[in-house]
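Chain and residue survey
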Amino acid sequence: INGRIQQRYDLSDYGGAVYNMAQDDAGNLWMCQSGSPGLTCLQPDGTIRHFGEESGLNSEAVEAVYFDPVRRYLYAGGVGEDKSLFRYNPAIEIFENISPVFGLDRSLTFRVLDLAGDENGRLVLGTTLGLFEYKNGQVSPLGGEDTRGVAVLAVETAPDGRVWFASAEGANMLQDGAVYSFTDINGLPAKTIGYRGIARDDEEHIWI
């Protein structure tokens, strides 16, 4: 605050670089760390906990985490179709596997790289094999041929239904079934979009 660090936390016992975070309504800060097969949780009192296989997160890696403020669910994305999506049950402090059936080629590596939601309670998954929407236990692809098999590195939603996502092509916007790409021609260098590199603020600005 005002240029001063308020508190430091050493997370080296739980993994490496912190590359994705979400805060729930209890004030817990959930973090994905490189080399960690689970999630690191920093509680409001400063206590650090790790949630892994013993807590239901039985995926070789957890690369995405998102808190839905509407339904008050915390989601985590994993590796493999049968371990792709988990939802935290705070009453028993366990992550429950709610992975849907994607119907993908199981010989291909499938990872959930980012998660985003909106005020309508929908959940959008950015994966190594495309863009998907999860609703009522079912999953459906978004973007048609423009996103099929495309690695989606970052994803963000807007209240009007638009979905912003980053890929090797740069920043993209999905609107009414059509994908629009923004690159250096639009003033945005195509290779500058990093993992988890798109966010929306309260004034509906998109930050990249």
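Everything below is about the structure shown above.
The rules we used
Sequence order as written defines residue numbering, which begins from 1 separately in each chain. Only residues with pLDDT of at least 70 are given local features in this predicted model, and only at 80 or more are side-chain atom pairs given and counted; all residues enter the totals for whole chains, interfaces and linings. As a rule here, side-chain values cover all heavy atoms of the structure and leave hydrogens and water aside. Secondary structure elements are taken from DSSP: a helix is a run of H or I of four residues or more, a strand is a run of E of two residues or more, and numbering for both begins at the N terminus. Each radius of gyration reported is based on C-alpha atoms, and the globular scaling rule is 2.2 Å times the count of residues to the power 0.38. Each residue is placed in one exposure class: buried if its accessible area under a 1.4 Å probe, protein chains only, is under 20% of its type's maximum, exposed if it is over 50%, and partly exposed if it falls in between. Note on contacts: a residue pair is in contact if any heavy atoms of the two residues lie within 4.5 Å. Computed with a 1.4 Å probe, the accessible areas rest on the Shrake-Rupley method; for each residue, only the protein chains presented here act as cover. Working convention for charge: Lys and Arg count positive, Asp and Glu count negative, and His plus the chain ends are omitted. Charge coordinates come from a single atom per side chain, which is NZ of Lys, CZ of Arg, CG of Asp or CD of Glu. Strands pair, by our definition, only if DSSP identifies at least two bridges between them. An axis is simply a line fitted to the C-alpha atoms; with a helix, the fit covers only the stretch in contact. Between two such axes, the angle follows the N-to-C directions and lies from 0 to 180 degrees. Detection works on a 1 Å grid of protein atoms alone, calling trapped sets that fit a 1.4 Å probe cavities and calling open sets with protein on both sides within 12 Å along at least five of seven lines pockets, with lining residues defined by an atom within 4 Å of a point. Grid points are joined across faces, edges and corners, and a volume is the space filled by probe spheres set on the points. Charged residues are taken to be Asp, Glu, Lys and Arg, nonpolar residues to be Ala, Val, Leu, Ile, Met, Phe, Trp, Tyr, Cys and Pro, and polar residues to be all remaining types, Gly included. Pairing of aromatic rings covers Phe, Tyr and Trp, the last counted by its six-membered ring, and requires centre-to-centre distances within 6.5 Å; plane angles under 30 degrees mean stacked, over 60 mean edge-to-face, and any other angle means tilted. N or O atoms closer than or at 3.5 Å make up a polar contact, with two conditions inside protein: a donor-capable atom paired with an acceptor-capable one, and, for residues adjacent in sequence, both atoms drawn from side chains. Salt bridge, as used here: a side-chain nitrogen of Lys or Arg that lies within 4 Å of a carboxyl oxygen of Asp or Glu.

1. Notes on the overall build of the protein chain
From N to C terminus, the protein chain includes zero helices and 18 strands. Here the C-alpha atoms of the protein chain give a radius of gyration of 17 Å, agreeing with the 17 Å that 2.2 N^0.38 yields for 208 residues. Once the C-alpha set of the protein chain is aligned to its principal axes, its extents read approximately 45 × 45 × 30 Å. Residues counted as buried form 45% of the 208 residues belonging to the protein chain. Sequence-distant contacts in the protein chain: of pairs separated by 6 or more residues, those separated by 24 or more amount to 38%. Just so you have it, the protein chain exposes about 11000 Å², and 47% of that area is on carbon and sulfur atoms. Charge separation in the protein chain, taken as the distance between the mean sites of 16 positive and 30 negative side-chain charges, equals 1 Å.

2. So, the sheet that holds strand 6 (residues 73–77)
Pairing within the open sheet is antiparallel, and its four strands lie in the order 5-6-7-8. Whereas interior strands pair on both sides, the edge strands pair on one side only; in this sheet they are strand 5 (64–68) and strand 8 (94–97). Neighbour to neighbour, the strand axes of the sheet diverge by 30° on average, direction disregarded. Where strand 7 (residues 85–89) lies against strand 8, four bridges are found, and the strand directions are antiparallel. Paired with Tyr88 across the bridge in strand 8 is Phe95.

3. What about the layout of surface pockets?
For the largest pocket, the calculated volume is near 390 Å³. Along its surface, the largest pocket is lined by 19 residues, and Tyr66, Glu156, Ile198, Ala199 and Arg200 are the ones closest to its centre. Contributing elements (two or more residues each) for the lining of the largest pocket: strand 1 (18–23), strand 5, strand 9 (112–117), strand 13 (154–157) and strand 17 (199–200). For the lining of the largest pocket, the leading source of residues is strand 9, giving four residues. Counted by class, the lining of the largest pocket contains eight nonpolar, three polar and eight charged residues. Here the second largest pocket is characterised by a volume of approximately 260 Å³. Lining of the second largest pocket is provided by 16 residues; of these, Asp24, Ala26, Asn28, Tyr88 and Pro90 occupy positions nearest its centre. Going through the elements one at a time, strand 4 (48–51) and strand 6 are the ones with two or more residues in the lining of the second largest pocket.

4. Thoughts on the packing of aromatic side chains
If you walk through the whole model with that rule in mind, you get eleven aromatic pairs. Pairing Trp30 with Phe51 gives two aromatic rings, centres 4.9 Å apart and planes at 50°, and the pair type is tilted. Taken together, the positions of Trp30 in strand 2 (residues 29–33) and Phe51 in strand 4 put the pair 21 residues apart, joining distant regions of the chain. Per residue, the accessibility class of Trp30 equals that of Phe51, and both read buried. In this structure an aromatic cluster arises from ring pairing among Trp30, Phe51, Tyr88 and Phe95.

5. Points about the side chain of Thr183
Among the secondary structure elements, Thr183 is positioned in the loop between strand 16 (178–182) and strand 17. For Thr183, the side chain forms a polar contact with the side chain of Asp184, separated by 3.3 Å.

6. A look at the sheet that holds strand 14 (residues 163–167)
The antiparallel open sheet is built from four strands, whose spatial order is 13-14-15-16. Two strands in the sheet have a free side with no partner beyond their single neighbour: strand 13 and strand 16. Each strand of the sheet is rotated relative to its neighbour by a mean of 20°, with strand direction disregarded.

7. Overview of the pattern of salt bridges
Here the structure, examined in full by the defined rule, presents nine salt bridges. Close ionic contact of Glu93 with Arg49 constitutes a salt bridge, the shortest N to O distance being 3.3 Å. Here Glu93, found in the loop between strand 7 and strand 8, pairs with Arg49, found in strand 4; they are 44 residues apart in sequence, far enough to count as distant. The partly exposed category is assigned to Glu93, whose relative accessible area is 37%.

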